[in-house]
Amino acid sequence: MKRFVYINDEFCRDSYCDNRISNTKYTLWNFLPKNLWEQFRRFMNQYFLLIACLQLWSSITPVSPATTWGPLAIIFIVSASKEAWDDYNRYLSDKKANERKVWVVNDGGIHIQIKAQDIHVGNIVWLHENDEIPCDLVLFGTSDPQGICYVETAALDGETDLKTRIIPSICASMPSEQLGKVKGLVECPNPDNDIRRFDANMRLFPPIIDNEKCPLTINNTLLQSCYLRYTEWACGVAVYTGNETKSGMSRGTADPKLTAADAMIDRLTVAIFMFQIVVVLVLGFAGNIWKDSQGLKQWYLLYPAEGTWYDVLIIPLRFELLCSIMIPISIKVTLDLAKSVYAKFIDWDEQMFDQETCTPAHSANTAISEDLGQVEYILSDKTGTLTENRMIFRRCCISGTLYGDNNGDALKDARLLDAVSSNDPDIVKFLMVMSLCNTVIPIKSNDGTISYKAQSQDEEALVAAASKLNMLLISKDSSAADICFNSCKLHYDLLDILEFTSDRKRMSVVVKDVQSGKILLLSKGADEAILCRCHQGQQIRNFLEAVEMYSQLGLRTLCLGWRELEEDEYEDWSKKFQDASCSLENREHKIAEVCHSLEKDLHILGVTAIEDRLQDGVPETIKLLKSAGINVWMLTGDKQNTAIQIGLLCNLITPEPKGHLLSINGKTEDDILRSLERTLVTMKSMPVTKDYAFVLDGCALEIILKHSKESFTRLAMLSRTAICCRMTPLQKAQLVGILKSVGYLTLGIGDGGNDVRMIQEANIGVGISGREGLQAARAADYSIGKFKFLQRLILVHGRYSYNRTAFISQYSFYKSLLICFIQILFSFLSGLSGTSLFNSTSLMAYNVFYTSLPVMTIIFDKDISEATVLQYPQILLYSQAGRLLNPSTFAGWFGQSVYHALVVFLTTVCAYADEKSEMEELSMVALSGCIWLQAFVVTLDTNSFTYPQIVLIWGNFVAFYMINLIVSAVPTLKMYTIMFRLCCQPSYWITMALIVAVGMGPVLAFRYLRNVYRPNAISILQQIEQNNENTQSTRTVESPLKSPGTYLTHLLNDQRSNRGASYQPLLSDSVESTR
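Residues numbered from 1 in each chain as written. Predicted model: local features only at pLDDT ≥ 70, side-chain atom pairs only at ≥ 80, totals over all residues. Heavy atoms only, no water.

The next subject is the sheet that holds strand β11 (residues 221–222). Taken together, six strands build an open sheet; the order of strands is β3-β2-β4-β13-β5-β11 and the sheet is antiparallel. Whereas interior strands pair on both sides, the edge strands pair on one side only; in this sheet they are β3 (111–115) and β11. Direction of pairing for strand β5 (residues 136–142) relative to β11: antiparallel, over a ladder of two bridges. Looking at β11, one finds that Leu 137 is bridged to Leu 222. (Pairing = 2+ DSSP bridges. Helix = DSSP H or I, 4+ residues; strand = E, 2+ residues; numbered from the N terminus.)

Attention shifts here to the sheet that holds strand β16 (residues 387–398). Two modes of strand pairing occur in sheets, parallel and antiparallel, and in both the strands are linked by backbone hydrogen bonds. The sheet built from nine strands is open, its strands ordered β17-β16-β26-β25-β24-β23-β22-β21-β20 with antiparallel pairing. In this open sheet, the two edge strands, each paired with only one partner strand, are β17 (401–403) and β20 (471–476). Along the sheet, successive strands turn relative to each other by an average axial angle of 30°, direction set aside. As defined by bridge partners, strand β25 (residues 556–565) adjoins strand β26 (residues 603–614) across seven bridges and the pair is classed as antiparallel. Paired with Trp 562 across the bridge in β26 is His 603. The strands touched by helix α14 (residues 567–582) within the sheet are β22 (488–498), β23 (506–513), β24 (519–525) and β25, with β22 carrying the most contacts at an inclination of about 45°. (Axes fitted to C-alpha atoms, helices over the stretch in contact; angles between N-to-C directions. Contact = heavy atoms within 4.5 Å.)

On to the packing of helix α8 (residues 331–347) against helix α24 (residues 790–827). Two elements in contact, α8 and α24, have axes separated by 10 Å at closest approach and are oriented at 165°. Classified by the angle their axes make, α8 and α24 are roughly antiparallel. As for the relative orientation of α8 and α24, their crossing is right-handed in sense. Side by side, α8 and α24 meet where Ile 331, Thr 334, Leu 335, Ala 338, Tyr 342, Phe 345 and Ile 346 of the first sit next to Leu 793, His 797, Ser 801, Arg 804, Thr 805, Ile 808, Ser 809, Ser 812 and Phe 813 of the second. (Parallel < 35°, antiparallel > 145°, perpendicular 65-115°, else oblique. Left-handed = near helix turned anticlockwise from the far one by under 90°.)

On to the pattern of salt bridges. For the coordinates displayed, the defined rule picks out 41 salt bridges. With a shortest N-O distance of 3.0 Å, Glu 459 and Lys 524 are connected by a salt bridge. Placement of Glu 459 in helix α11 (residues 457–468) and of Lys 524 in strand β24 is noted, with a sequence separation of 65 residues between them. Assigned by exposure class, Glu 459 and Lys 524 land together as buried. Glu 599 is the salt-bridge partner of Arg 504, the closest N and O atoms lying 2.7 Å from each other. Here Arg 504, found in the loop between β22 and β23, pairs with Glu 599, found in the loop between α15 (587–598) and β26; they are 95 residues apart in sequence, far enough to count as distant. (Salt bridge = Lys/Arg side-chain N within 4 Å of Asp/Glu carboxyl O. Buried < 20%, exposed > 50% of the residue type's maximum accessible area, 1.4 Å probe, protein only.)

Now for helix α31 (residues 947–967). Helix length check: α31 (21 residues) gives 29 Å between terminal C-alpha atoms against 30 Å at 1.5 Å per residue, within 8%. The largest bend along α31 measures about 25° and falls at Gly 955. Within the sequence span of α31, burial applies to Gln 949, Ile 953, Asn 956, Phe 957, Phe 960, Tyr 961 and Asn 964. If you follow the buried residues of α31, they end up packed against α25 (840–850), α26 (852–855), α30 (919–940), α32 (978–983) and α33 (986–1013). (Expected span 1.5 Å × (residues − 1). Bend = angle between axes of the 7 residues up to and from the residue.)

As C-alpha cells, this is what we get:
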C-alpha cells in the first residue's frame, strides 16, 4: 500500500489524521469499566470476586462480607489509582506536545504559527535551530548552502552522535524564497515503525522544476521527537503525523515478563487451590452427615424440618468461604511493593555509579529483580560491552608491507612516514580511501581546527589516522569533498554512496577526481567481503596473512580497495542504481544487487588494524560470574580470531591445558554438520575438570539452524562457554531463543542498536550506556555504565532480591494457612457447620494490618554481607537452583503452619474453654497467639537487624495491643472490655508464653541441630563472618566445621559437580522437586 502526499495542497490535507498525539490508555468515560476489566482478567482477582459475591449470601457466609470486600476494594483502589495517576501524567505530556507552537508555510508562502496538533499531512513545516521536530518530514530546504542539516536522534533511537540529513537532489538548486511555494507529490509507504528505513519517491510540479522522479531515503527525513542542531533553519513537508509517525508507531507496552519465582508461586497457588477444594468437599460432606445425624436433633440450632433443594450446598459453601483465605489476597500487592523497593536499591547503589560518564545504574523493569539471582546464561556483545569502543588506529598493511609491527603504532613508523613524505602512489591511494570512503562529517571550529563526527567509531578512527598522516579531510557535503595532502588541496565530486549493510559487510563510494576527471570506486569492508572481489591475477596472500596476524592480536581489521571506472560503464550502472533507488518494493535487495555488479575487479590496497581495549574489570567480572556457575557466551560481528583473542584476554575461555576450544566449521554444509556432531560427542565425553568451549560463525550457524537445530540445542546445553562470531542481530536473538526454548534463564547484555533484538528476547535485558548511544539501554530492563557492574547487579541485588521474594511469598501463604487451619480445627468443635472462630473485623485486620507490615522488614535483610557474596560467588548456585522457593521449602512452611495452628488452638482451648469464657474472648486469645508467633517467626528468619526492621516487627506487635485496647473501650462493639479483661489475667500471658515456647521451641531445636550436623553453605558463610569478627562460637558439641572455609569449598564443589547431565534448566517443565 502507498501513501500519496500532495505538498502544500489544502484540498488533500484531510485525507489523513492530524498531528494530535495521544499516549493515554484511558479516557474519562472508559476508565472505570476498562480498568475493572483489566484487573478482573487475572485469575486471583476473579477468584476473590467470586468469594466476595458468595459472602453476600447471608445463609452461607460465616463472616461479614467486609472481610473480603474490604481488602479487595483496597487492592482495586490502589491499582486503579496508580493507573489513573500514570495515565494523567501521560495526558499532561501529550497536551504539552500538542499545544506547542510551530511555524508552517501556507499556500501563499506566508509563515504562520499554529499548534503542533493542527499540522496536517502535506503542510510545509519551518524549523529553527534547537526546535523539536513535531512530525515526520521530508526535508527539502536548509540554511546550509550544501543542503545539509544536523539532527539529534537520542530521543528516538538513543544514539548520542549527531546525524546528518541532506535535501533530495531534486531540491538542490532551489532558492530559499521559493521553498514556501513548492508544489509536488511524495509517494511513500503507509506508516510503519522502522526508523532505519524510508523508501519513497518525490516529484516537484512545474513551474518550480520539471516533473522528475527523485528517490528518497531515511537520510532525507526529519523524524518526530528529534531536534534540529547546528542549523539555522530547515523546512520539510509533513508525510506522517500524530500517532502515525515512526515514533508513534514504535510506542507500545512491552509484554510483561514472568519471573521464575512468579512461575513457582503460581504453581504453588494452584496446588493450594486444589488442596482447598479437597478440604471443602471432605468437610462439607462430613458436615452434612453430622447435620443429618446429630444437628437436626438439637433444637437450639433451629434447623427447619424440611429444607430447600440447595441445603446440601450450604455447608460446603460455608467451608469454601472459610477456607478462601488459604490463598492470601494481599500477596500480589505485597510482592509488587517489595519489587519496587528492590528496583530502587539498584538505582541508589553508589558502587554501580560510573564516575567516568556520570551514569547511574537504572532499573526500568521493577518486576523481575529476583530473576537476576537465577541467571544461568549470559549472552554478551563484544564491542562496547566487553571493550571500551574507543577505536585506536594501531597497524596497517599496505601493498604487502607491514607498518607498526616494531613499536605497535603505525602512525610512528618511520618507514610509513617516509613513504607519505615521498608521495608513494599506493600509500596515497590507501589514505585517500581512508579519508573519503565513510560517513564522517568534518566540523570546523572558530579557531580553524577540524573535528570529526561519525556514526561509526571505526570510521572516525580511520579518518583521524589519515589526517595524522597528512591526508586531511577538510570539508564534505552531499556532493563534494575536499582533502589536503602534503599541503596540496584535492577536490572530489561525490557521485554515489553504496551504503554499508550487515548483509553486504562493506561500503563504497563513487567519486570523480576534479583534477584528472577520472571516476573512481573506493571500497572498504570485512576481509571476506573485499578480498574475494580483487581483480584477476592479484596476489592476496600477504593481505590474508596480515588479517590473520592482526586478528591473533585482538585487533579489528578492515580491507581497502579501489578501481577506476570507465565513464560509459558508470553511466550505465548509474541508471540501474537510480531505478533501484526509486523502487518502493524490495528496494534494499535491488540496490544490493546493483552494488554487487559494480564492486568487482578491485585493486586491493591493504588492511587496517584498529585496537579496541577491554574495559576495566571485565576479566575479573567474567571470572567471578563463571565461578558463580553462570555460563557466559560472547556474540559478536567480529572475525573469529579477533573474538578468540578477546575471549582469552577477558577470561572467557581457558587456555590449554585446563581448557580446550572446539571449532565448528567447514567448507560445505556436510562438513559443518559433521563438525557439529564431532563437537557434540567430544562435549559429552569431556572430563568435569576441563573447561571446554566452542566457536562458530554466522554462516555455520545459519546452516546448523536449518538442518540440525536439535543437535545444536543439545550442544548449547552442555557448553558453559561459546564464542559466536560474524553474528547478525537476528542470529543473536535466535541463540537466546534456543536457550530459552529448553528452559534456561538467560540474560542478554549489549550497548548498541544491533543488540536490541537480543536484549528484548532474553529473560533479562541489560543495556550499557556506551559510546554507541542509549538505544540498548532504553530497550533493556536494566542499564549500567560498565560491564563490571554486572557482578553487583547479579550477585548482590539479584541474589538478595530472590532470597527476599522467596521468604515474602512463602510467609504470606504461611500466615494465611495458619489462621485457616485454626478455623478448620474449630469446626470440629462446632459440629462441622463452617462457623468462624474469629469475627469479621479481626480477620480483615489480621490480613491487612497485623501481618503485612512485619513481612516487609525482609526487604532490608541480608543473610550474608555483600563482601562475602563477592568472595564466595558459588553461593549463587542456591538461588540459581531455586533452593529457597520450591515445593520442598513450601512443604516446610505448610507443615509449620499446621503445627502452629495445632499449638495455638489446643493451647487456647485447654486454657479458656470453660463455662466462664466468651466466644470473643476465646477468639482474641487465639488471634493473640498468632500475632506472637508471627513476630517470632519473622525475627527468627531475619539475619541482619536494622532500625526499620525492629520498628516494623515489634512496633506492629505493640500496635496490635493498642488497637484492640481502643476497640475494647467502645461499648457498642462485641469486643467491649475483652482485651482489658485478658490483659489483667495472668493466665493470658502464661498462655502466650506457652504458645511461643511450644510453637518455636521445636523450630529452634531443628535449626540448631541442622546447623551443627548438616549445615548448608549459607550457614557456613555466616559462621565464617562471625569468626572473622572474632565472635566466640556458640556450638558446644563436636562439629564438622573445624575448618569452615575448607568445608565450604568442598560443599560448593560437590554442588557444582552435581550440575552434570542430570541438571535441569530452571524454567523447564521437567524441573525436579529440588527446584
